[in-house]
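Close look at the chain arrangement
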Amino acid sequence: MSKTETDATSGADADERELAAGAQLSTAPKEEAPSVASIGVIGWLRWFWRQLTSMRVALILLFLLSLGSIPGSLIPQNSVDELKVQDFKAAHTTLTPIYEKLQLFDVYSSVWFSAIYLLLFISLIGCIVPRTWQFVGQLRSRAPRAPGRLDRMPAYTTWHTEADPEDVRAAGLAMLRKRRFRAHADGDAVAAEKGYLREAGNLLFHVSLIVMLVAFATGTLFKSEGGKLVVEGDGFANHLTQYDDFKSGSFFDTDDLDPFSFSLDRFEGRYAQSGPERGTPRVYKAHVSWTKGTDGTERKAEIEVNRPLEVDGTKVYLIGHGYAPVVTVRDGKGKVSYKGAVPLLPIDSNSTSTGAIKVADGYRDKDGKKEQLGFNAFFVPTFAGEGKGEMFSQFPAPNFPVLALSAYHGSLGIDSGLPQNVYQLDTSKMKKFEDKDGELLKQRLLPGETMKLPNGAGSVTFEKDLKEWASFQVSHQSGNGLALGGAILALSGLVASLFIQRRRVWIRATEGPDGVTVVEMAGLGRSESAKLPEELADLAVTLNATAPTAAEAEPAAEPSEATALDSPESAEDPAESAEEAADHPAEGAEK
């Protein structure tokens with residue numbers, strides 16, 4: 001073999017070693033271009049799988065998932081509040097058919113949202129599994145042998161020493177292992193690698209995304225959520241029939257409701273009396289007595305906003321408050337037809353409230369004929385006073401309570417079998433009670449006052465016993481712990497992948513033509529970093545203490561970026577090619 005051929009062969013070997021030195025700094029799977037012969041059903045399936053498990057597709061799916069969540073936040077959802085959905089449909093008759101076809105009232109259970117969710121799930125798994133096996137293989141392998149030309153690496157330094165080459169290599173090996181590099185001697189050089197936790201963090205981050213997706217699915221499929229309004233003195237048992245409204249996931253079994261009950265002893269509300277925050281709650285809590293199971297010991301608890309009562313994984317949140325005036329309705333003979341607290345719904349921050357009083361049974365007119373009564377009710381806890389503006393409350397506390405009633409008689413329509421809103425009065429089949437002027441009978445009542453119905457039809461009394469009510473959300477959410485664990489894993493993996501650098505270091509010690517040992521050190525990182533030359537400089541200073549620079553030799557070169565990186569006239573950039581060997585094959589596939 002001629003000298004030219006020998007030089008060409010050794011140059012090719014050096015290039016291969018440089019490529020090997022830069023390869024496998026990432027666990028991203030290599031993307032191979034499909035050959036023409038592979039095009040077919042199997043070829044297309046492989047191509048589709050590679051695209052699905054690529055980084056760009058995963059980002060697109062994440063973006064689509066985020067976009068799909070926007071209408072779920074802006075448009076009322078059946079899974080949250082059906083009444084709001086019905087109100088929205090009534091107010092937007094043109095948009096409603098379009099929204100229904102696009103399933104925008106049920107975004108999170110829609111076909112298109114589920115498809116995005118499942119594709120993202122498959123994409124993450126399809127990426128993590130091969131990368132995990134590849135990472136395990138890297139953990140079991142050694143750092144690649146030193147390239148033929150260390151001076152072509154991004155960080156490089158060299159000096160001459162009188163020390164024996166074997167002693168230099170032994171000292172370098174010990175130093176690198178002490179610095180927690182995975183190092184081994186290979187011929188005339190020492191190869192070392194560090195920063196495996198970067199890839200471990202990357203994988204951990206992707207695993208955490210799967211954990212959070214599973215947590216989201218678990219929470220959606222196995223959740224239960226219901227609302228209950230409780231008046232002071234009344235109670236609630238965690239049974240399906242006790243809820244005012246109830247929603248649950250597809251896999252939730254109502255027999256799995258945690259057995260407990262509670263009663264509302266009293267609601268405590270205190271508000272700022274003056275200043276710009278006048279009327280803002282200072283104390284806002286519900287005092288309850290609760291028991292676990294059917295024969296548990298009664299316990300006391302206070303439920304506040306964001307401080308729920310928790311029983312066996314079920315949380316009871318305080319979400320609202322209002323007033324329930326106690327009224328007594330008597331018939332024409334003075335017999336009590338109805339007596340009880342009537343919850344009214346607040347319509348402003350000062351607890352101005354509206355509602356309806358319905359007397360369906362027990363009432364007879366002056367002739368003894370059965371009839372139904374209905375009253376539209378308007379309540380203000382703090383009345384401004386006669387002639388001082390409209391009848392709206394001036395303060396949320398009951399400082400000057402007034403109840404305004406308008407009276408009707410006839411059929412409430414509750415026997416039609418159609419559902420009714422308990423807080424609204426359907427007057428389509430009812431007649432007005434008329435005052436002396438022939439107008440609808442209306443009257444404002446203070447506590448203890450009575451409104452007489454015309455023609456001896458009876459009376460309505462606003463009792464002095466004003467009660468308050470509180471509304472609660474009883475929620476059982478599965479997967480919360482799993483979601484928290486996934487979030488912690490994601491944060492840990494992200495920190496590791498951002499702040500840990502995967503890098504390799506080589507130390508070569510050979511005897512020069514003059515018999516003096518030549519020491520070369522080089523470093524290569526997965527990405528460009530100013531810390532790599534600094535770290536190599538620190539290693540060189542440490543090793544130089546064991547293998548000092550020879551007296552007649554020139555001072556050791558400062559570790560710096562390779563000349564090839566600084567010279568625009570260079571025809572070839574081996575360091576860049578080494579980086580491309582690590583990164584370019586995975587472009588579009590790494591997550």
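A brief report on the enclosed structure follows. Every value quoted in this text rests on a predicted model; they were computed, and no experiment measured them.

**What about the environment of Leu-453?**
- Structurally, the position occupied by Leu-453 is in strand β20 (residues 450-453).
- Its relative accessible area of 5% is what places Leu-453 among the buried residues.
- In the structure, Leu-453 is positioned 12 residues away from Leu-441 in sequence and 8.2 Å away in space, judged by C-alpha atoms.
- Residues within four places of Leu-453 in sequence aside, it is in contact with Leu-373, Phe-375, Ala-407, Phe-433, Leu-441, Gly-458 and Ser-459.

**Re the nonpolar core**
- In terms of nonpolar packing, the biggest core is built from 23 residues, with Leu-373, Phe-375, Leu-403, Leu-405, Met-451 and Leu-453 touching the most fellow members.
- For this core, the secondary-structure elements that each account for two or more residues are β12 (326-330), β15 (353-359), β16 (372-380), β17 (402-410), β20 and β21 (458-462).
- At 4 residues, the largest contribution of residues to this core is made by β16.
- With residues near it in sequence (within four places) discarded, Leu-403 still touches Pro-325, Val-327, Leu-344, Ala-377, Phe-378, Phe-379, Gln-443, Arg-444, Leu-445 and Phe-462.
- The next biggest cluster of nonpolar side chains, apart from the first, holds 22 residues, and it includes Leu-173, Val-190, Ala-192 and Met-521.

**A word on the sheet that holds strand β8 (residues 281-292)**
- Pairing is antiparallel in the open sheet, where 4 strands are placed in the order β5-β7-β8-β9. With one partner strand each, in any of the chains shown, β5 (235-237) and β9 (299-304) form the two edges of the open sheet. Taking the axes of each pair of neighbouring strands and ignoring which way they run, one obtains an average angle of 30° across the sheet.
- Note that β8 and β9 share 6 bridges and pair antiparallel. Along β9, the bridge assignment pairs Trp-290 with Arg-299.

**Side note on the packing of aromatic side chains**
- Scanning the model with the defined rule gives 19 aromatic pairs in all.
- A ring pair is formed by Phe-236 and Tyr-243, whose centres lie 5.2 Å apart and whose planes are at 75°; its orientation type is edge-to-face.
- Since its relative accessible area comes to 10%, Tyr-243 is described here as buried.
- By the ring-pair criterion, three or more aromatic residues cluster together here, those being Phe-236, Tyr-243, Phe-246, Phe-252, Phe-262 and Phe-472.
- Here Lys-89 stacks its cationic end above the ring of Phe-105, 5.1 Å away from the centre of that ring.
- Positioned over the ring face of Tyr-196 is Arg-502, at 4.5 Å from the centre of the ring.

**Description of helix α3 (residues 55-74)**
- Over its 20 residues, α3 extends 29 Å from the first C-alpha to the last, a length consistent with the 28 Å expected when each residue adds 1.5 Å.
- Residues of α3 that are buried: Ala-58, Leu-61, Leu-65, Gly-68, Pro-71 and Gly-72. Angularly, the buried residues of α3 cover 135° about the axis, an arc narrow enough to put them on a single face. Facing away from the buried side of α3 by over 90 degrees, the exposed positions are Phe-63, Ser-73 and Leu-74.
- Residues of α3 that are buried make contact with α2 (41-52) and α6 (111-140).

**Looking at the sheet that holds strand β4 (residues 224-231)**
- Pairing in this open sheet of 5 strands is antiparallel, and the strands run β6-β4-β22-β11-β10 from one edge to the other. Lying at the two open borders of the sheet, with one neighbouring strand each, are β6 (245-248) and β10 (309-311). Averaged over all neighbouring strand pairs, the angle between strand axes comes to 25°, with direction disregarded.
- As judged from the 10 bridges shared by strand β11 (residues 314-324) and strand β22 (residues 467-476), these two strands associate in the antiparallel manner. Counted as the bridge partner of Tyr-317 is Gln-473 from β22.

**Quick look at the packing of α6 against helix α8 (residues 196-222)**
- Where α6 contacts α8, the axes come no closer than 10 Å and their chain directions differ by 150°. Relative to α8, the element α6 is oriented roughly antiparallel. Between α6 and α8 the crossing geometry is left-handed.
- Split by residue class, the contact of α6 with α8 holds 19 nonpolar, 4 polar and 2 charged.

**A word on the layout of surface pockets**
- Of the voids in this model, the largest pocket is the one considered here, and its volume is about 1600 Å³.
- Around the largest pocket, the lining is made up of 45 residues, and of these Leu-83, Asp-244, Asp-245, Leu-345 and Tyr-423 lie nearest the centre.
- Contributions of two or more residues to the lining of the largest pocket are made by α4 (82-91), β4, β6, β11, β13 (336-341), β14 (345-346), β15 and β22.
- Ranked by the residues each element gives to the lining of the largest pocket, the list is headed by β4, at 7 residues.
- Residue composition of the lining of the largest pocket, by class: 21 nonpolar, 12 polar and 12 charged.
- Its boundaries defined by the atoms lining it, the second largest pocket holds a volume of some 820 Å³.
- Ser-79, Tyr-108, Ser-109, Thr-220 and Lys-223 are the residues nearest the centre of the second largest pocket, which is lined by 35 residues in total.
- At the level of elements, α3, α4, α6, α8, β6 and α9 (480-499) are the ones that each hand at least two residues to the lining of the second largest pocket.
- Element by element, the count of residues in the lining of the second largest pocket is highest for α8, at 6 residues.

**Digging into the pattern of salt bridges**
- Tallied over the full model, the rule gives 17 salt bridges.
- A salt bridge links Arg-508 to Asp-188; the shortest N-O distance between them is 3.5 Å. In this pair, Arg-508 sits in strand β23 (residues 503-511) while Asp-188 sits in the loop between β2 (182-186) and β3 (189-194), placing the two residues 320 residues apart along the sequence.
- The exposure class of Arg-508 is buried, given its relative accessible area of 6%.
- A relative accessible area of 34% places Asp-188 in the partly exposed class.
- The salt bridge involving Arg-502 is made with Glu-193; its shortest N-O contact spans 2.7 Å. Remark: Glu-193 occurs in strand β3 and Arg-502 occurs in the loop between α9 and β23; sequence separation between them is 309 residues.
- The buried category is assigned to Glu-193, whose relative accessible area is 2%.

Rules behind the numbers
Residues numbered from 1 in each chain as written. Predicted model: local features only at pLDDT ≥ 70, side-chain atom pairs only at ≥ 80, totals over all residues. Heavy atoms only, no water. Helix = DSSP H or I, 4+ residues; strand = E, 2+ residues; numbered from the N terminus. Buried < 20%, exposed > 50% of the residue type's maximum accessible area, 1.4 Å probe, protein only. Contact = heavy atoms within 4.5 Å. Core = buried A, V, L, I, M, F, W, Y, C linked by side-chain atoms within 4.5 Å. Pairing = 2+ DSSP bridges. Axes fitted to C-alpha atoms, helices over the stretch in contact; angles between N-to-C directions. Phe/Tyr/Trp six-rings, centres within 6.5 Å; stacked < 30°, edge-to-face > 60°. Lys NZ or Arg CZ within 6 Å of the ring centre and 35° of its normal. Expected span 1.5 Å × (residues − 1). Arc of directions from axis to C-beta. Parallel < 35°, antiparallel > 145°, perpendicular 65-115°, else oblique. Left-handed = near helix turned anticlockwise from the far one by under 90°. Nonpolar A, V, L, I, M, F, W, Y, C, P; charged D, E, K, R; others polar. 1 Å grid on protein atoms, 1.4 Å probe; cavity = no way out; pocket = protein on both sides within 12 Å on 5 of 7 lines; lining within 4 Å. Points joined across faces, edges and corners; volume = space filled by probe spheres on them. Salt bridge = Lys/Arg side-chain N within 4 Å of Asp/Glu carboxyl O.

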